[in-house]
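Tertiary structure, described
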Amino acid sequence: MSDERWVWGMGLATAAADGTILDTWFPEPAVGRIPLGLDPAMPPEDLEHLAVPDVRRGVTVEVVTVEIDLDVPPASTSDAYLRLQALSHRLVKPNEIDLTGIFGFLPNVAWTTAGPMHPDDLTRLRPFLQRDGIQVQGLDKFPRLLDYVTPPGVRIADASRVRLGAYLSPGTTVMHEGFVNFNAGTLGTSMVEGRISQGVVVGDGSDIGGGSSIMGTLSGGGAHRVSIGARTLLGANAGIGISLGDDCVVEAGLYVTAGSKIVLADEAPRADGSRPVVKGADLSGRDGLLFRRNSLSGAIEAVRRAGVGVTLNEALHA
């Protein structure tokens, strides 16, 4: 098997008093196998100096060396964290890595401004945390991306809105109300003011409008992974459960799912004067379509469109 389907890293694993591994941070994960001759027992000094216990949080920290085969499921908490950081370091793209069963290896963690700690220790240690000005920011399986990775060329207005495991290409801007889940993200310059769900990828030059939503597969029950092509606009408060191709537009406030009945408004009328009607799934992934709602009939319509779907502000994304 090619070494290009492996990732390795040396990092710091945080463990609770009961032995639960809470997280693992890999400063510089790399593609390939663990280099020959590398001695895991001799870590770099900068990592070794950080491998100290923190009594305030009731945790210990140790240096670990991990390598993963991207084509097999996670096998441990440190393995799962290396997969998420491989995505956020852009070593592998969304949906090109096996994440089967990853939730089972991610414990629920109390995320504090001083680092992770076990939720069961939170009540007991809260007075010491408060004394030292340490705040609890969340209780979740996934941490914030920016606590582990600083993706070059990216703007993130609110760190809590982007999970570790998000893949953000240079030129991407995630505004305050934007959200990007793990194993999802952007493949080029994009504006994100809406929600990008797990498994969803957004093409270069596309705009995910404020309050908009892209259905993933975690809660939808289906197997189709929604994607958005290049130069496509998902309008404010709109939503999709189908894929969009290049140069498409979904008007503000319109939600299009696989089962939506859509009138092909620019097709020739039938004998009775009506236009052909298809399901949203039949138009999934098509290029150059405008989805709109007829203000008189209330019907969802699709019409062919020419030209570029959207042009982003170059200065904003430089």
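Residues numbered from 1 in each chain as written. Predicted model: local features only at pLDDT ≥ 70, side-chain atom pairs only at ≥ 80, totals over all residues. Heavy atoms only, no water.

Going by the annotation in an unreviewed UniProt entry, the name recorded for the chain is 2,3,4,5-tetrahydropyridine-2,6-dicarboxylate N-succinyltransferase, with Microbacterium alkaliflavum given as the source organism. Regarding the chain, the UniProt comment filed under Sequence similarities (unreviewed entry) reads as follows: "Belongs to the type 2 tetrahydrodipicolinate N-succinyltransferase family." Comment text from UniProt for the chain, heading Subunit (unreviewed entry), reads "Homotrimer." (UniProt positions renumbered as here; feature names shortened; annotations may be inferred.)

In this section: the overall build of the chain. Counting its secondary structure elements, the chain contains 4 helices and 26 strands. Dimensions along the principal axes, computed over C-alpha positions, put the chain at roughly 80 × 50 × 40 Å. In the chain, buried positions account for 47% of the 318 residues. The contacts in the chain between residues at least 6 apart in sequence include a share of 49% that link residues at least 24 apart. Carbon and sulfur atoms make up 52% of the accessible area of the chain, which amounts to about 14,700 Å² in all. Side chains of the chain carry 27 positive and 37 negative charges; the gap between the two charge centres is 9 Å. (Helix = DSSP H or I, 4+ residues; strand = E, 2+ residues; numbered from the N terminus. Buried < 20%, exposed > 50% of the residue type's maximum accessible area, 1.4 Å probe, protein only. Contact = heavy atoms within 4.5 Å. Areas by Shrake-Rupley, 256 points an atom, 1.4 Å probe, with all protein chains shown as cover. Lys, Arg positive; Asp, Glu negative; His and termini not counted. Charge placed at Lys NZ, Arg CZ, Asp CG, Glu CD.)

The next thing to look at is the packing of aromatic side chains. Tallied over the full model, the rule gives 4 aromatic pairs. Considering the side-chain rings of Phe 103 and Phe 142, the 5.8 Å spacing of their centres and the 75° angle between planes classify their relative orientation as edge-to-face. One end of the pair, Phe 103, is in the loop between helix H2 (77-88) and strand S5 (109-112); the other, Phe 142, is in the loop between strand S7 (136-140) and strand S8 (155-156), with 39 residues separating them in the sequence. By relative accessible area, which is 36% here, Phe 103 ends up partly exposed. Looking at Phe 142, the relative accessible area reads 4%, which means it is buried. Measuring from centroid to centroid gives 4.5 Å for Phe 142 and Phe 182, while their planes differ by 25°, and the two rings are stacked. Of this pair, Phe 142 sits in the loop between S7 and S8 while Phe 182 sits in the loop between strand S11 (179-180) and strand S12 (184-186); the two residues are 40 residues apart in sequence, bridging distant segments of the chain. Each member of the pair Phe 142 and Phe 182 is classed as buried. (Phe/Tyr/Trp six-rings, centres within 6.5 Å; stacked < 30°, edge-to-face > 60°.)

All right, on to the nonpolar core then. The biggest cluster of nonpolar side chains holds 68 residues, and the ones touching the most others in it are Ile 196, Ile 214 and Phe 291. Breaking this core down by element, the ones donating at least two residues are strand S1 (6-16), strand S4 (59-69), H2, S5, helix H3 (122-131), strand S23 (261-264), strand S25 (289-293) and strand S26 (300-304). Residue contributions to this core peak at 6 residues, all from H2. Among all residues touching Ile 196, those that are not within four sequence positions of it are Phe 179, Val 180, Asn 181, Ala 184, Gly 185, Thr 186, Val 202, Ile 208 and Ile 214. (Core = buried A, V, L, I, M, F, W, Y, C linked by side-chain atoms within 4.5 Å.)

For the rest of this paragraph, the subject is unusual backbone geometry. Leaving glycine aside, a negative phi is the common case for residues, and trans is the common case for peptide bonds. Residues other than glycine seldom take positive phi values, yet Asn 95 does so here, at roughly 70°. With respect to the helices, strands and loops of the structure, Asn 95 is situated in the loop between H2 and S5. For Asn 95, a relative accessible area of 33% gives the class partly exposed. Phi is positive for Asn 237, close to 60°, though the residue is something other than glycine. Note that Asn 237 resides in the loop between strand S19 (233-234) and strand S20 (239-240).

Throughout the structure, instances matching the rule amount to 13 salt bridges. Where Asp 147 meets Arg 144, a salt bridge forms, and the shortest distance between an N and an O atom there is 3.1 Å. The partly exposed category is assigned to Asp 147, whose relative accessible area is 41%. Of the residues examined, Arg 144 reaches a relative accessible area of 24% and is grouped as partly exposed. In this structure, Glu 301 engages Arg 292 in a salt bridge whose closest nitrogen and oxygen atoms are separated by 2.9 Å. Overall, Glu 301 belongs to the buried group, its relative accessible area being 11%. (Salt bridge = Lys/Arg side-chain N within 4 Å of Asp/Glu carboxyl O.)

In this section: a negative patch on the surface. A contiguous patch of negative charge on the surface is contributed by Glu 28, Glu 45, Asp 46 and Glu 48. Along the chain, Glu 48 turns up in helix H1 (residues 45-48). (Patch = residues over 30% accessible without salt bridge, like charges linked within 9 Å, V, L, I, M, F, W, Y side chains within 5 Å.)

Right, let's talk about the layout of surface pockets for a bit. Taken as a whole, the largest pocket spans an internal volume of roughly 420 Å³. Secondary-structure elements contributing two or more residues to the lining of the largest pocket are S1, strand S2 (21-25), S5 and strand S6 (115-117). Taken together, the residues of the lining of the largest pocket sort by class into 11 nonpolar, 5 polar and 5 charged. There is about 210 Å³ of room inside the second largest pocket. Lining the second largest pocket are 14 residues, with Asp 140, Phe 142, Pro 143, Arg 144 and Ser 160 sitting closest to its centre. Considering each element in turn, the lining of the second largest pocket owes the most residues, 4 residues, to S7. Of the residues belonging to the lining of the second largest pocket, the class tally is 6 nonpolar, 3 polar and 5 charged. (1 Å grid on protein atoms, 1.4 Å probe; cavity = no way out; pocket = protein on both sides within 12 Å on 5 of 7 lines; lining within 4 Å. Points joined across faces, edges and corners; volume = space filled by probe spheres on them. Nonpolar A, V, L, I, M, F, W, Y, C, P; charged D, E, K, R; others polar.)

Across the sheet, 10 strands lie side by side as S8-S10-S13-S16-S19-S21-S25-S26-S23-S24; this open sheet has mixed pairing. A single partner strand is all that each edge strand has here, and the edge strands are S8 and strand S24 (277-279). Pairing analysis gives 3 bridges linking S23 to S26, with the strands arranged parallel. Of the residues in S26, the one forming a bridge with Leu 264 is Ala 302. (Pairing = 2+ DSSP bridges.)

Bringing the sheet that holds strand S14 (residues 195-196) into the picture now. Across the sheet, which stays open at both edges, the 5 strands sit in the order S11-S14-S17-S20-S22 with parallel pairing between neighbours. One side of each edge strand has no neighbouring strand; the edge strands of this open sheet are S11 and strand S22 (255-256).

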